[in-house]
Each structure stands twice: as structure tokens, then as C-alpha cells.
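This is what each chain is made of:
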Amino acid sequence: MNHFTITKPSPSMWRVSFDNPPVNVFSSQTIIELRALVDAAEADSDLTVILFESANPEFFCAHWDLTDDTSSLASEPPPVTGQQAFVDVLIRLSKLPVISISSIRGRARGAGSEFLLATDIRFASRERTLIGQFEMTTGLAPGGGSVSRLPRLVGRARALEILAGADDFDGDLAERYGYVNRSLPDAELDAFVDAFAQRVARTDRGAIAELKGWVNEMTLPEDQEFAPQSDAFFTRLMGPKVSGWIGRSFEQGLQQPGDLENHLGARGFDV
């Protein structure tokens with residue numbers, strides 16, 4: 001894999017590190033690799049927990065790669081759920097019969113935030129986390145599932161604040177809103193998350209599958225909710241307003257380390 005490194009501390013636990021320099025953007029290649037990872041996780045009868053983290057302490061996953069050529073997906077098998085490819089793999093991730101944990105250090109916006117929302121449990125570095133859905137700054141609503149997932153986590157009013165305001169949330173505020181499970185001092189994050197993941201890894205796979213299945217029935221969005229959101233997203237993405245925003249943003253350093261990516265939530269509307 002080019003974007004993910006998988007290590008297996010035990011048969012029941014995987015550590016997955018996302019590494020796509022310079023700012024960990026999500027792309028078609030990421031989808032292809034994540035789909036392969038989900039396929040393998042579904043087939044591994046010993047696995048009970050997957051821990052996702054980033055090799056870049058400044059960027060967990062910046063956002064979707066706005067230079068991406070999606071033609072590479074044409075040769076891939078059709079999406080299992082019938083959804084758009086990115087949404088499809090996130091639905092499958094959320095329904096895995098194992099517990100998925102995100103250990104968040106750095107920025108996660110747009111598709112990065114939507115990836116986090118598709119994992120089961122999210123722990124964040126208090127000092128080094130910034131997460132949000134910046135899409136409304138460009139002139140379009142998010143299309144990767146956050147419109148359905150966020151209200152179920154944080155409630156209607158706070159979801160609208162996060163989505164319409166398009167600002168960044170640090171670790172403590174994200175915890176207060178329910179965007180993440182818990183915010184911890186950065187120096188304590190790794191030890192806490194490792195201990196929790198190893199605790200879950202001791203659980204029987206069948207019991208985990210039963211537990212998640214029951215919780216999923218009460219909390220996960222129905223698959224049909226996602227298609228209108230992703231369709232509207234791609235329609236607006238092709239429009240002149242969004243294209244203009246993208247062009248100006250690349251001139252100001254989008255997808256490179258620097259002021260714009262560091263403060264995209266604060267600066268997005270001013271691009």
C-alpha cells in the first residue's frame with residue numbers, strides 16, 4: 001500500500017498509519033487501499049480492533065485531493081453498497097464487525113473529518129487537533145456523509161453550527177460537542193489509546209460483531225440518505241463558484257504545508 005502502513009501487534013489488533021505527504025490528502029488511491037483494508041478486515045476472523053493514526057503529526061487528513069483524477073476507480077470492482085466510491089467505503093468501514101478507533105493528532109477537514117465520523121471511536125490530542133467541515137466556504141455542502149452522521153452524534157443545532165459555520169474545532173471543543181469521544185493531553189494520547197485498543201483486542205470477535213450490529217441498528221444512517229448528498233456535492237463541484245475558489249486556493253498554497261492549510265477553517269471564506 002502507498003497511503004496506509006499496516007502493522008499487527010497481535011492477531012486481533014491492527015495499527016493503520018495514514019501517510020500521503022505533504023498534508024495527507026484523501027484520493028482515489030486512498031479509496032482503493034481502504035477498500036482492500038476493509039475487505040481484509042471482513043475476512044479476518046481473529047481481528048477485533050483497528051487503530052487508525054497518522055504518520056504526519058500536523059495533518060491527520062487534510063481533505064480530499066482537489067487535483068485527483070478519479071479515472072483509476074473505473075477499473076475497480078463496483079461499489080458494494082451501490083453508493084459513490086468514497087461514501088461506499090466509509091459505509092463499509094462503519095459497519096465492519098470490529099471496533100475502529102481514530103487517534104487524532106493534526107488537522108482533519110472535509111473528507112478527513114468524514115473518515116473520522118465513519119470510525120466507531122475518536123480520541124483527540126488536546127493541543128494538536130483541528131477538525132471541521134470546511135466545504136461551505138467553497139460554496140457547496142459536504143457530500144461524504146457528515147450531513148447524516150454529525151446530527152446523530154452532536155444533535156441538530158450543533159451539527160448545523162459545524163457544517164454551516166465551516167470552522168475548525170480544537171480537541172476540547174470537539175469533545176464538548178460530542179464530535180470526538182475524548183480529548184487528552186498530547187503527551188498522554190498514545191498511551192491511553194494503545195491501552196484502550198489492547199483492551200478491546202482481548203474481546204471475542206463474535207461478541208464485538210453482535211454488539212456493533214445492535215448499536216448500528218439504532219445509530220447509523222440508512223444507506224439511501226447518502227446518495228442525494230454526494231450527487232449534489234459533485235454537481236456543485238463542477239460549477240464556476242467552486243472552481244474559482246479552488247483555483248484561488250491553489251494560488252495561495254492549498255495542499256501544501258503553510259498558512260492556508262494550517263488555518264483553512266478561519267481563512268476559507270476569505271479565499
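The structure contained in this document is the topic of the report that follows. (Residues numbered from 1 in each chain as written. Predicted model: local features only at pLDDT ≥ 70, side-chain atom pairs only at ≥ 80, totals over all residues. Heavy atoms only, no water.)

**Observations concerning the nonpolar core**
- Ile 50, Phe 52, Phe 115 and Ile 131 are the most contacted members of the largest nonpolar core, which has 43 residues in total.
- Discounting residues that sit within four places of it in the chain, Phe 115 has contacts with Phe 26, Leu 34, Phe 52, Phe 60, Leu 90, Leu 93 and Ser 102.
- Val 49, Leu 51, Ile 101 and Phe 123 belong to the second-largest nonpolar core, a separate cluster that totals 14 residues. (Core = buried A, V, L, I, M, F, W, Y, C linked by side-chain atoms within 4.5 Å. Buried < 20%, exposed > 50% of the residue type's maximum accessible area, 1.4 Å probe, protein only. Contact = heavy atoms within 4.5 Å.)

**Overview of helix H7 (residues 186-201)**
- Between the first and last C-alpha of H7 there are 23 Å, a value that for 16 residues agrees with the 22 Å anticipated at 1.5 Å per step.
- Within H7, the full set of buried residues consists of Asp 186, Leu 189, Val 193, Ala 197, Val 200 and Ala 201. When H7 is viewed along its axis, its buried side chains cluster within an angular range of 100° and face the same direction. Among the exposed residues of H7, those pointing more than 90 degrees away from its buried face are Ala 187, Ala 191 and Arg 199.
- As for H7, its buried residues are in contact with strand S2 (13-18), strand S3 (49-54), strand S5 (99-109), strand S6 (121-132), strand S8 (182-184) and helix H8 (205-219). (Helix = DSSP H or I, 4+ residues; strand = E, 2+ residues; numbered from the N terminus. Expected span 1.5 Å × (residues − 1). Arc of directions from axis to C-beta.)

**Remarks on the environment of Val 193**
- Here Val 193 shows up in helix H7.
- For Val 193, a relative accessible area of 1% translates into the label buried.
- Spatially, the C-alpha atom of Val 193 lies 6.9 Å from that of Ser 103, the residues being 90 residues apart in sequence.
- If we skip the residues at most four places from it in the chain, Val 193 touches Leu 51, Ile 101, Ser 103 and Phe 123.

**Overview of the pairing of strand S1 (residues 4-10)**
- Pairing geometry for S1 and S2, over five bridges, is antiparallel. Along S2, the bridge assignment pairs Ser 10 with Met 13.
- Counting the residues between successive antiparallel strands, the hairpin from S1 to S2 contains two residues. (Pairing = 2+ DSSP bridges.)

**Some remarks on the pattern of salt bridges**
- Counting across every chain of the model gives 15 salt bridges.
- As a salt-bridge pair, Arg 92 and Glu 42 come within 2.8 Å of each other at their nearest N and O atoms. A residue pair is termed long-range when its members are at least 10 positions apart, and Arg 92 in helix H2 (residues 85-94) and Glu 42 in helix H1 (residues 28-43) qualify at 50 residues.
- With a closest N to O distance of 2.7 Å, Asp 186 and Arg 105 form a salt bridge. In this pair, Asp 186 sits in helix H7 while Arg 105 sits in strand S5, placing the two residues 81 residues apart along the sequence.
- Judged by its relative accessible area of 17%, Asp 186 is buried.
- The class for Arg 105 is buried, based on a relative accessible area of 17%.
- Here the residues in one salt-bridge network are Arg 15, Glu 53 and Asp 194, joined through shared partners. (Salt bridge = Lys/Arg side-chain N within 4 Å of Asp/Glu carboxyl O.)

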